[in-house]
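Residues per chain, in single letters:
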Amino acid sequence: MDIKLDSYIDVIPGIGERKKLIYNRLNIFTIRDILNHYPLRYEDRRMFKRLSEIRQEEMVSIKGIIQSFEIKKPKQGMTLIKVTIRDGYDIGELTFFNNKYISNKLITGRTIKAYGKAKREFGKVRMTSPDFEFDSSRLKTGCIYPVYPLTRGLSNDEILKVLKLIINEINMESLEYLDGELREKLKLCGLGDAIKNIHFPKDPILIKIAKYRLVFDEFFILHLGLKVVKGITEIEKGISFKNQSKLLDFIKNLPFKLTDAQEKVVKEILSDMKRPVPMQRLVQGDVGSGKTIVAFISLYNSYLNGYQGAMMAPTEILAKQHYESAKEIFCELGLTIHLLTGSTTKKQKELIYKSIRDGECDILIGTHALIEDKVDFKNLGIVITDEQHRFGVRQRGKLLGKSDFTPDMIVMTATPIPRTLALIVHGDLDISIIDQMPSGRKPIKTYAVEKKKRNDVYSFAAKEIDKGRQIYVVCPLIEENEKMDLKSAQDLYESLKSNYLKDYEIGLLHGKMKAKEKQEIMDSFLEGSIDVLVSTTVIEVGINVPNASVMIIEDSQRFGLSQLHQLRGRVGRGEYQSYCVLVYVGKNEVTKERIKTMVSTNDGFEISQKDLILRGQGELFGTRQHGIPEFKLADISKHQSVLKLAQQIGDEIIENDPKLERKENSTMKTELKLRMTQINGIIIN
Ligand SMILES: Nc1ncnc2c1ncn2[C@@H]1O[C@H](COP(=O)(O)OP(=O)(O)OP(=O)(O)O)[C@@H](O)[C@H]1O
């Protein structure tokens with residue numbers, strides 16, 4: 001049998017077309033994938049107990065000699081097999097239903113081993129439908145038994161058998177890509193041993209050792225990969241935006257003075273833009289910290305140097321908002337700015353494409369319509385995008401078009417995350433942080449109110465509206481069910497209209513609405529003709545209505561901390577004292593802890609750290625985050641010290657050999673190439 005790591009799994013005897021598709025459902029395509037399909041948990045089946053020593057209801061391995069067996073058919077379609085076994089002087093009984101396999105294998109005098117829940121009845125030990133095997137086999141009994149994530153049509157035992165076969169056939173030592181000295185220094189076991197022991201551990205301590213190596217690997221490969229990508233970008237030809245003199249006047253004439261944090265980040269960006277190397281920078285800032293103006297300054301710098309700029313937003317509403325603000329800021333400066341989204345008419349689109357191609361358009365703002373093939377810039381200098389739409393190398397190529405130069409790139413994120421995490425998520429970028437709010441902002445006051453007291457909440461809201469303010473109400477989020485989300489939004493809307501807030505103008509916004517309808521509602525809210533905006537969570541990150549001063553979140557216990565913080569960030573964006581009211585039911589520990597955190601701090605970094613601890617990485621990043629690999633074993637909330645170590649070692653290697661060109665790093669590079677292609681958009685040449 002010729003099994004290679006990258007062979008498809010149907011090289012394994014017994015895996016045909018049908019089985020292959022079942023494996024594919026678990027994302028298992030190749031031999032490597034199945035080796036990386038790790039157990040969810042283990043059962044300690046090592047000890048065989050004498051029948052005489054077994055306790056009632058104990059989960060245990062036993063073995064005995066088959067004394068006799070009978071096969072009955074108590075009713076149509078059912079076969080009952082009873083096997084009597086003997087262990088010394090003691091007798092046990094194993095019962096199986098409809099088990100064709102065993103019925104063909106039973107021979108009196110043969111040793112049978114079983115694992116299952118033992119019952120003592122009438123002086124006998126009985127087991128019903130236990131796992132079993134014969135003679136010297138040790139796959140299911142007398143071992144530490146791994147339990148795998150499964151799918152319909154695939155059993156744990158099938159996976160075990162396949163793994164056993166692969167591990168016997170493949171030279172496991174050939175999996176290693178780290179040199180022995182480094183491994184020794186870091187006290188890491190060999191990769192082959194780690195894989196062997198994660199599947200077939202002889203001892204629980206070996207599972208720990210294996211996991212440590214595999215967790216290290218997941219972090220290390222990702223970190224190294226991101227660094228290599230960064231290294232590749234740095235050798236591409238970039239644009240040097242040297243002419244920055246007029247920019248100072250522009251900054252001076254802004255309607256407000258930049259905060260120190262904004263100034264610091266602008267400086268970092270401008271110094272990057274001056275270098276003839278493509279900028280790859282992440283700007284992290286808490287909600288409302290004023291990232292947009294930083295983006296505009298960068299776009300203007302590109303314009304002053306004769307280049308076009310593009311800014312991409314995650315939704316049409318946000319794209320339009322940026323477009324309106326850009327027009328306001330740049331209106332007297334004679335720039336041509338266009339908005340390109342899915343709702344732009346065909347005719348308008350054609351005109352915009354032409355204007356981009358001819359170089360007449362100075363700044364293009366839009367949604368991902370911006371990276372369609374037809375968008376062909378004459379001389380694109382800078383691209384500003386958000387974390388969800390950050391480009392992989394491939395998409396960047398698309399934007400590059402015919403230019404010989406790689407444009408500068410800024411990625412904006414409103415999800416502030418601790419630095420260690422930022423490095424693993426955005427390790428290929430340089431990081432700038434806006435950690436200060438514009439002056440004059442009053443911290444948002446946050447209150448938690450039990451649902452039964454919501455009357456008070458809405459009478460408070462009415463008072464705020466009477467003062468001239470506006471209100472957001474976010475409805476309960478009902479997971480994975482848009483229909484029910486919609487219903488709950490409509491119900492809430494009706495009840496506010498007919499009851500709590502009947503004297504005011506109320507608008508409803510939900511995910512099922514067409515982009516145009518959504519925009520109309522948002523425009524009315526922005527203009528102030530709507531007092532209350534009831535919405536599902538489509539109040540996306542980034543909406544800016546400074547007159548809105550109250551955010552009411554219904555059933556807030558259903559939201560994660562970071563999401564609550566984002567929602568809260570929709571208020572407190574102007575001069576008015578703002579409030580966030582968390583309406584909740586239930587008092588479980590996580591709810592209490594979340595409320596406590598929200599009430600006690602407005603700091604997004606602190607909140608995301610807490611969220612990570614409360615919910616684990618998967619939840620924090622959710623599906624919203626694009627480009628983050630799913631770790632199999634690693635968990636940044638639990639394994640922070642391994643993460644730091646992996647980052648440190650990765651950095652040391654890259655410092656000495658930025659593109660991994662040295663001979664001693666060639667195996668590592670091959671491994672990296674193989675693994676990084678699995679991560680969105682990252683291809684290492
Ligand atoms: N230095 C400043 N002084 C006063 N106001 C400012 C300053 N910088 C920005 N602003 C204003 O603060 C508000 C929020 O800014 P912006 O929309 O850029 O926030 P953001 O960082 O993008 O927030 P979010 O992540 O929530 O989208 C805007 O109305 C903006 O005009």
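Residues numbered from 1 in each chain as written. Predicted model: local features only at pLDDT ≥ 70, side-chain atom pairs only at ≥ 80, totals over all residues. Heavy atoms only, no water.

(A) Spatial organisation of helix α6 (residues 191-199). Among the 9 residues of α6, 7 are classified as buried, and the element is accordingly described as predominantly covered. Listed in full, the buried residues belonging to α6 are Leu191, Gly192, Ala194, Ile195, Asn197, Ile198 and His199. (Buried < 20%, exposed > 50% of the residue type's maximum accessible area, 1.4 Å probe, protein only. Helix = DSSP H or I, 4+ residues; strand = E, 2+ residues; numbered from the N terminus.)

(B) Focus on the pattern of salt bridges. Under the counting rule described, the total for this entry stands at 40 salt bridges. With a shortest N-O distance of 3.3 Å, Glu43 and Arg41 are connected by a salt bridge. Given the relative accessible area of 16%, Glu43 is considered buried. Its relative accessible area of 44% is what places Arg41 among the partly exposed residues. For Asp272, the salt bridge goes to Arg281, with nearest N and O atoms at 2.7 Å. A relative accessible area of 7% places Asp272 in the buried class. (Salt bridge = Lys/Arg side-chain N within 4 Å of Asp/Glu carboxyl O.)

(C) Structural detail: the site of the ligand. The environment of the ligand is made up of 19 residues, and the closest members are Gly288, Lys291, Thr292, Arg441 and Arg573. In this structure, Lys291 approaches the ligand through a side-chain N or O atom, which is 2.7 Å from an oxygen atom. Contact between the ligand and Arg570: an oxygen atom at 3.0 Å from a side-chain N or O atom of the residue. About the coverage of the ligand: the protein hides 84% of its 630 Å² of free accessible area. For the shell around the ligand, the domains that each give at least three residues are domain 3 (245-434) and domain 4 (445-601). (Near = heavy atom within 4 Å. Polar contact = N/O pair within 3.5 Å; in protein donor to acceptor, adjacent residues only side chain to side chain. Areas by Shrake-Rupley, 256 points an atom, 1.4 Å probe, with all protein chains shown as cover. Domains from an automatic or database assignment.)

(D) Fine view of the state of the cysteines. Evaluated as defined, the whole model comprises 0 disulfides. With no disulfide of its own, Cys143 lies 20 Å from the sulfur of Cys189, the closest cysteine sulfur. Free of any disulfide, Cys580 has its nearest neighbouring cysteine sulfur in Cys475, separated by 14 Å. According to the relative accessible area criterion, Cys580 is buried, its value standing at 0%. (Disulfide = S-S within 2.5 Å.)

(E) The nonpolar core, seen in detail. Tyr23, Phe216, Phe219, Phe220 and Leu364 are the most contacted members of the largest nonpolar core, which has 88 residues in total. When residues of this core are assigned to their parent elements, the largest contribution, 11 residues, is made by helix α7 (residues 204-235). A domain split of this core shows at least three residues from each of domain 1 (1-45 + 147-170) and domain 3 (245-434). Ranked by size, the runner-up nonpolar core spans 65 residues in total, among them Leu299, Leu335, Ile410 and Cys580. (Core = buried A, V, L, I, M, F, W, Y, C linked by side-chain atoms within 4.5 Å.)

(F) Main features of the domain arrangement of the protein. Domain annotation for the protein reports domain 1 (1-45 + 147-170), domain 2 (47-142), domain 3 (245-434) and domain 4 (445-601). For domain 1 and domain 3, the distance between their C-alpha centroids amounts to 46 Å.

(G) Broad picture of the sheet that holds strand β13 (residues 380-386). The 7 strands are arranged β11-β12-β10-β13-β14-β9-β15 in an open sheet whose pairing can be described as parallel. Two strands lie at the open edges of the sheet, namely β11 (337-340) and β15 (430-434), each paired on one side alone. The sheet shows a mean angle of 20 degrees between the axes of neighbouring strands, taken without regard to direction. Of the strand pairs in this sheet, strand β10 (residues 308-312) and β13 are connected by 4 bridges, and their pairing is parallel. The residue of β13 that forms the bridge with Ala310 is Val383. Where helix α11 (residues 316-330) meets the sheet, its contacts fall on β10, β11 and β12 (363-366), and the angle it forms with β11 comes to roughly 175 degrees. Contacting β10, β11 and β12, helix α12 (residues 346-358) runs over the sheet at an angle of about 135 degrees to β11. (Pairing = 2+ DSSP bridges. Axes fitted to C-alpha atoms, helices over the stretch in contact; angles between N-to-C directions. Contact = heavy atoms within 4.5 Å.)

(H) Just the pairing of strand β9 (residues 280-285), in detail. Along β9, 6 of the 6 residues are buried, which leaves the element largely enclosed by surrounding structure. Of the two faces of β9, the one lined by Gln280, Leu282 and Gln284 and the one lined by Arg281, Val283 and Gly285 are each fully buried. When β9 meets strand β14 (residues 408-413), the two strands line up parallel, connected through 5 bridges. Of the residues in β14, the one forming a bridge with Arg281 is Ile410. Pairing geometry for β9 and β15, over 5 bridges, is parallel. The partner of Val283 across the bridge, within β15, is Ser432.

(I) Spatial organisation of the packing of α11 against helix α17 (residues 515-527). Between α11 and α17, the shortest axis-to-axis distance is 10 Å and the interhelical angle comes to 50 degrees. Considering the angle they form, α11 stands oblique to α17. As for the relative orientation of α11 and α17, their crossing is right-handed in sense. Packed against α11, whose contacting residues are Glu316, Ile317 and Lys320, the element α17 presents Ala515, Lys518, Gln519, Met522 and Asp523 at the interface. Its residues assigned to classes, the contact of α11 with α17 comprises 3 nonpolar, 1 polar and 4 charged. (Parallel < 35°, antiparallel > 145°, perpendicular 65-115°, else oblique. Left-handed = near helix turned anticlockwise from the far one by under 90°. Nonpolar A, V, L, I, M, F, W, Y, C, P; charged D, E, K, R; others polar.)

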